[in-house]
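# Structural overview
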Amino acid sequence: MDKKNLEIEIPQPWRIKRYYFYAFITLLIIILPWIQINESYLFLLSFDNLKLHFFFVEFDMQELYLLPFLIMVVFLGIFGMTVMGGRVFCGWVCPQTIFRVIYRDLIETKLLKLRKRIKNKQLEPDMSLMENKVKKTIAVLIWIVLSFIASSNLVWYFIPPVDYFEYLKNPMDHIIIFGTVLSMALFLIYDIIFLQEDYCIYVCPYSRVQSVLYDDHTIMALYNTNRGGHIYDEHKVKQFTSQEDIQAKEPHAECTACESCVTVCPTHIDIRKGLQLECINCLECVDACTTVMGKLGKPSLVTWSSNHEIIDQKGKTKYFRPTILAYIFLLVGLIIGMGYIGSNKEHMLLNVNKENRLYSVKKESNGKIHIDNAYEFLLQNTKNKEMKFFFEVILPKDINGKIEIVKPKKAFTVVPHIKKKKIVVLRTYDTLVSDDRHDTFIPITIKAYAIGHENEIVVFRKSTFTYPRSDIIKAKQ
Ligand code: SF4
Ligand code: SF4
């Protein structure tokens, strides 16, 4: 049969789809720290101001109850992703993989032609050649520049980019920031140029936990032993090196032993050996075998599928199984919880503490009796500019009378981020209750607000106003 007629249509390689996704993620990571509305960022964990900016809402350090939720969302998201798609994070999102693709495939192979082919990642360039030495030097220099950009980009999630560039004018005044950038850049240079995929295999803790999260329906790069033949025995020892040898034992075996799936693997493993910790799910081996088998008019022997479907041949992979639904349920719950907390966030902090002395009763020169209660207010302006604050006292509906604020007499200024202590004295001239036997603790609500922002920057706190026994008041009259 004509070879051309045998070929089947080869789908777009996963590699190309991954490149598009990498471009999207990289752009997103670079742009994200710049996005701000009215001085509030989409995401910023500000070390300068000790604040978390999340979806344009600012949270003070005392309000970092949101951070554990964020961390839980990230971890649950990665775990859920692993149960569903194996080490899909490593292949599609992890900066290590993206940086290695940029350095090895884009700079060394495509740009400088130091490596011959993207499809053979195991063939190292001949470094005895002068031309290759020059190319390697250029590749390293390009990567050094990119490492500093990447490290700076990471720091922008903690120091706003505008401030970062301002600080850059006097780097010696900001030695911790630029020391951090330098250390991270040096690590990236060592990691990407020298450590390479050994980081994924030996250093990254995620590779250790991922295998315990897998189940029979987890999708991953899988070699179909039923169609391709058993290249390795149960002890993972290689049995065959040619198709003839394989077919001598398994006549129907389709693997051509071309090893395209092996040479393309960035972590230098043979997918035909079965699931291995080193596999980062990049699907390069799937693309390689798709091309080889496509030319023979057959589907790929290596596919992105599950044990249940490919090895055990028990039917289609179940994506929405109880474990996945539990992860989705937990994640949605956490995100709703975060949204709820974020929308109920208070824009100032206020603690109201009643002073130890319960009250004071005094007779004024005009014969009027007043009752005072004193409080200590601890207030923090969580906005970035100075604001004036004042209070109101709200009494329960069933209490007739009025409580006024005698100290402070007028609104006072609070500078941003500094806790301000204020002694507040509340006074009443009215007979709020009449009880001969006990003092009465009248529940009150303190409304504190920023002048000019009464609807936006306002908090309510519960406290009590202690009203004396009737005989104590009578004794003063
Ligand atoms: S076996 Fe290698 S090429 Fe295949 S997905 Fe895993 S890491 Fe990538
Ligand atoms: S690319 Fe496919 S045919 Fe070639 S060795 Fe790998 S599994 Fe076998």
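Higher on the page you've got the structure.
If you're wondering where the values come from, they're calculated on a predicted model, not measured in any experiment. As a convention, each chain's residues are numbered from 1 in the sequence order in which they are written. Each chain is given a letter, starting from A, and each ligand a number, starting from 1, according to the order in which they appear as written. In keeping with the model being predicted, local features are shown solely for residues with a pLDDT of at least 70 and side-chain atom pairs are shown and tallied solely at 80 or more, while totals for entire chains, interfaces and linings include all residues. In computing side-chain values, all of the structure's heavy atoms are included and hydrogens and water are not.

A fitted line through C-alpha atoms serves as each axis, taken over the contacting stretch for helices, and the angle formed by two N-to-C directions is quoted from 0 to 180°. We count a stretch as a helix when DSSP gives it H or I for four or more residues in a row; a strand needs E for two or more, and each element gets its number in order from the N terminus. As a packed pair, helix α2 (residues 14-31) and helix α14 (residues 284-295) sit with axes 8 Å apart at the nearest point and diverge in direction by 145°. The segment α2 lies against α14, with W14, R15 and R18 engaging E284, V286 and D287. Should any heavy atoms of two residues lie within 4.5 Å, those residues are considered in contact.

Our next topic: a nonpolar patch on the surface. Residues L27, I30, I31, W34, I35, V162, F165 and L168 make up a contiguous nonpolar surface patch of about 700 Å² in total accessible area. The element that contributes the greatest number of residues to the nonpolar patch is α2, accounting for three residues. Secondary-structure assignment places L168 in the loop between α7 (161-167) and α8 (175-195). Note on patches: the residues involved have over 30% relative accessible area and no salt bridge, like charges join within 9 Å, and the nonpolar side chains Val, Leu, Ile, Met, Phe, Trp and Tyr join within 5 Å. We get accessible surface area from the Shrake-Rupley algorithm with a probe of 1.4 Å; when it comes to residues, only the shown protein chains can shield them. Between Lys or Arg on one side and Asp or Glu on the other, a salt bridge is scored when a side-chain nitrogen of the former is within 4 Å of a carboxyl oxygen of the latter.

Note on placement: K318 falls in the loop between α15 (307-310) and α16 (322-343). Measuring from C-alpha to C-alpha, the distance between K318 and I219 comes to 9.8 Å, with 99 residues separating the pair along the chain.

What follows covers the pairing of strand β9 (residues 360-363). Bridge count between β9 and strand β10 (residues 369-381): four bridges; the pairing is antiparallel. In the sheet register, K362 faces β10, and the bridge partner there is H370. Linking β9 back to β10 in an antiparallel pair, the connection comprises five residues, with G367 at a positive phi of about 90°. A strand pair is defined by DSSP finding two or more bridges across the two strands.

Moving on, we come to the packing of aromatic side chains. Only the six-membered ring of Trp is used, alongside the rings of Phe and Tyr, when aromatic pairs are assigned; centres must lie within 6.5 Å, and planes under 30 degrees apart are stacked while those over 60 apart are edge-to-face, with the rest tilted. The final tally for this structure, using the stated rule, is 24 aromatic pairs. On the numbers, 5.3 Å between centres and 50° between planes, the contact of Y164 with F178 is tilted. Placement of the pair is Y164 in helix α7 and F178 in helix α8, with a sequence separation of 14 residues. Summarising the aromatic geometry, the rings of F187 and Y199 are spaced 6.4 Å apart at their centres and angled 70° between planes, so their arrangement reads as edge-to-face. Linking F187 in helix α8 with Y199 in helix α9 (residues 198-203), this pair joins segments that are twelve residues apart in sequence. Connected via pairs of aromatic rings, a cluster forms that spans W14, F21, F24, W92 and W304. Note on criteria: charge over ring means Lys NZ or Arg CZ within 6 Å of the ring centre, with the direction from the centre no more than 35 degrees off the ring normal. Across from the ring centre of W14, 4.5 Å away, lies the NZ or CZ of K17, which sits over that ring.

Okay, the layout of surface pockets next. A cavity here means a set of points on a 1 Å grid, drawn over the protein atoms and nothing else, where a 1.4 Å probe fits but cannot get out; a pocket is an open set with protein on both sides within 12 Å along at least five of seven lines, and a residue lines either one if it has an atom within 4 Å of a point. Grid points are joined across faces, edges and corners, and a volume is the space filled by probe spheres set on the points. Estimates place the volume of the second largest pocket at around 340 Å³. Around the second largest pocket sit 18 residues that line it, and N38, S40, E58, K383 and E456 are the ones nearest its centre. Gly is placed with the polar residues, together with every amino acid not listed as nonpolar (Ala, Val, Leu, Ile, Met, Phe, Trp, Tyr, Cys and Pro) or charged (Asp, Glu, Lys and Arg). For the lining of the second largest pocket, the class distribution of residues is five nonpolar, six polar and seven charged.

So, on to the site of ligand 1. Taken together, 13 residues sit near ligand 1, with C265, C279, C282, L283 and C285 positioned nearest. To qualify as sitting in a cavity or pocket, a molecule needs more than half of its atoms within 2 Å of the grid points. If you map ligand 1 onto the pockets, it falls in the largest cavity. The residue makeup of the shell around ligand 1, split by class, is ten nonpolar, two polar and one charged. For each residue, the test is whether any non-hydrogen atom lies within 4 Å of the molecule or strand; if one does, the residue is near.

Under the criterion given, the structure shown has four cavities of 30 Å³ or more. Quantified by volume, the largest cavity comes out at close to 90 Å³. Contributing to the lining of the largest cavity are 13 residues, with C265, I269, C279, C282 and C285 lying nearest its centre. Taken together, the residues of the lining of the largest cavity break down into eleven nonpolar, two polar and no charged.

Our focus in this paragraph is the sheet that holds strand β5 (residues 57-60). Across the sheet, three strands lie side by side as β3-β4-β5; this open sheet has antiparallel pairing. What marks the edges here is a single partner per strand, and that holds for β3 (43-46) and β5. The mean inter-strand angle of the sheet, taken between neighbouring strand axes irrespective of direction, is 15°. Where strand β4 (residues 51-54) lies against β5, four bridges are found, and the strand directions are antiparallel. Looking across to β5, one finds that K51 is bridged to D60. The sheet strands contacting helix α3 (residues 66-85) are β3, β4 and β5, and the helix crosses β4 at an angle near 55°.

What follows deals with the site of ligand 2. With respect to spatial proximity, the complete set of residues near ligand 2 consists of Y223, C255, T256, A257, C258, E259, S260, C261, R272, C289 and V302. Class assignment for the residues of the shell around ligand 2 results in seven nonpolar, two polar and two charged.

It is worth spelling out the sheet that holds strand β13 (residues 412-414) at this point. Here four strands make up an open sheet; going across it, the order is β13-β11-β15-β16 and the pairing antiparallel. On the outer flanks of this sheet lie β13 and β16 (458-467), each paired with one strand and no other. Between one strand axis and the next, the sheet turns through 40° on average, direction left out of account. Bridge count between strand β11 (residues 387-394) and β13: three bridges; the pairing is antiparallel. Its bridge partner lying in β13, K388 is registered against T413.

Distances and angles like these do not, on their own, reveal function.
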